[in-house]
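# What the coordinates show
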Amino acid sequence: MTETTYETLILDRVEKKASMIEQVLSGLSIIEGSILKKKGQGKTSMERVFKTRIDFNSVEYTVLLDAYKVSSEEVVLYADLDTSYDLSLDTIRFTADNKAFIEAVKNLYIEVNNGDLPEPAVKEVVQEALFRVQEKIQVHFDDKLAIKMAG
């Protein structure tokens, strides 16, 4: 394989990965979200949960993400979508929705990949897409808190 062919292959893969990530982000919208205290925590605990209803390709999911209240103006996401939520309000339901959403993302990638990328690259794209979804959720809550503080 010549260097030019190899470079073209790498560029094609980078473009394919970017396109696949964009497909997830374009199919995702945040319906609503709330910040909840974790069950079983003391009154002074700063542990929180981002409860977020999302629509992904016309299917609704409620996902829970662990967060930490830094101040009255800032609550920071610190857990991944695939982390287990032992202290969640409804562990079975929300863990199931988190898993169902992750599976929907993985299945989309398997479908759109069409064998173009090797399996390790697809796993990498799935992880990047889930990270970008988490970023989108964090921005949603940042905006929500900023509006609350301004009002």
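Anyway, here's the lowdown on the structure attached to this text. Quick caveat: nothing in here was measured; it's all calculated off a predicted structure.

### Topic: the environment of Glu-47
One can find Glu-47 in strand S2 (residues 47-56). Counting along the chain gives 19 residues from Glu-47 to Asp-66, while the straight-line C-alpha distance between them is 7.6 Å. Separated by 2.5 Å, the side chains of Glu-47 and Tyr-78 make a polar contact.

### Overview of the environment of Asp-80
Relative to the helices and strands, Asp-80 is located in the loop between strand S4 (74-77) and helix H2 (91-113). Between the C-alpha atom of Asp-80 and that of Phe-131, which follows or precedes it by 51 residues, the distance is 7.6 Å.

### Let's talk about the side chain of Arg-48
Summarising the element assignment, Arg-48 is placed in strand S2. Although buried, Arg-48 forms no salt bridge, and the nearest oppositely charged side chain, Glu-47, lies 8.0 Å from it.

### A look at unusual backbone geometry
Here Asn-57, not a glycine, exhibits a phi torsion of approximately 50°, which is positive. Among the secondary structure elements, Asn-57 is positioned in the loop between S2 and strand S3 (59-71). Exposure remark for Asn-57: the relative accessible area of 41% places this residue in the partly exposed category. In this model, Ser-58 sits at a positive phi of 70°, which is unusual for a non-glycine residue. Relative to the elements of secondary structure, Ser-58 occurs in the loop between S2 and S3.

### A short note on a negative patch on the surface
Taken together, the side chains of Glu-73, Glu-74, Asp-142 and Asp-143 make up a negatively charged region of the molecular surface. Along the chain, Glu-73 falls in the loop between S3 and S4. What makes Glu-73 partly exposed here is its relative accessible area of 48%.

### What about the sheet that holds S4?
Here we have four strands laid out as an open sheet, ordered S1-S2-S3-S4, and antiparallel in their pairing. Looking along the sheet, the strands with just one partner apiece sit at the ends: strand S1 (28-37) and S4. Pairwise comparison of adjacent strand axes, ignoring direction, gives a mean angle of 35° for this sheet. The pairing of S2 with S3 spans 10 bridges and is antiparallel. When the bridges of S3 are listed, Arg-53 appears paired with Thr-62.

What counts, and at which threshold
Residues numbered from 1 in each chain as written. Predicted model: local features only at pLDDT ≥ 70, side-chain atom pairs only at ≥ 80, totals over all residues. Heavy atoms only, no water. Helix = DSSP H or I, 4+ residues; strand = E, 2+ residues; numbered from the N terminus. Polar contact = N/O pair within 3.5 Å; in protein donor to acceptor, adjacent residues only side chain to side chain. Buried < 20%, exposed > 50% of the residue type's maximum accessible area, 1.4 Å probe, protein only. Lys, Arg positive; Asp, Glu negative; His and termini not counted. Salt bridge = Lys/Arg side-chain N within 4 Å of Asp/Glu carboxyl O. Patch = residues over 30% accessible without salt bridge, like charges linked within 9 Å, V, L, I, M, F, W, Y side chains within 5 Å. Areas by Shrake-Rupley, 256 points an atom, 1.4 Å probe, with all protein chains shown as cover. Charge placed at Lys NZ, Arg CZ, Asp CG, Glu CD. Pairing = 2+ DSSP bridges. Axes fitted to C-alpha atoms, helices over the stretch in contact; angles between N-to-C directions.

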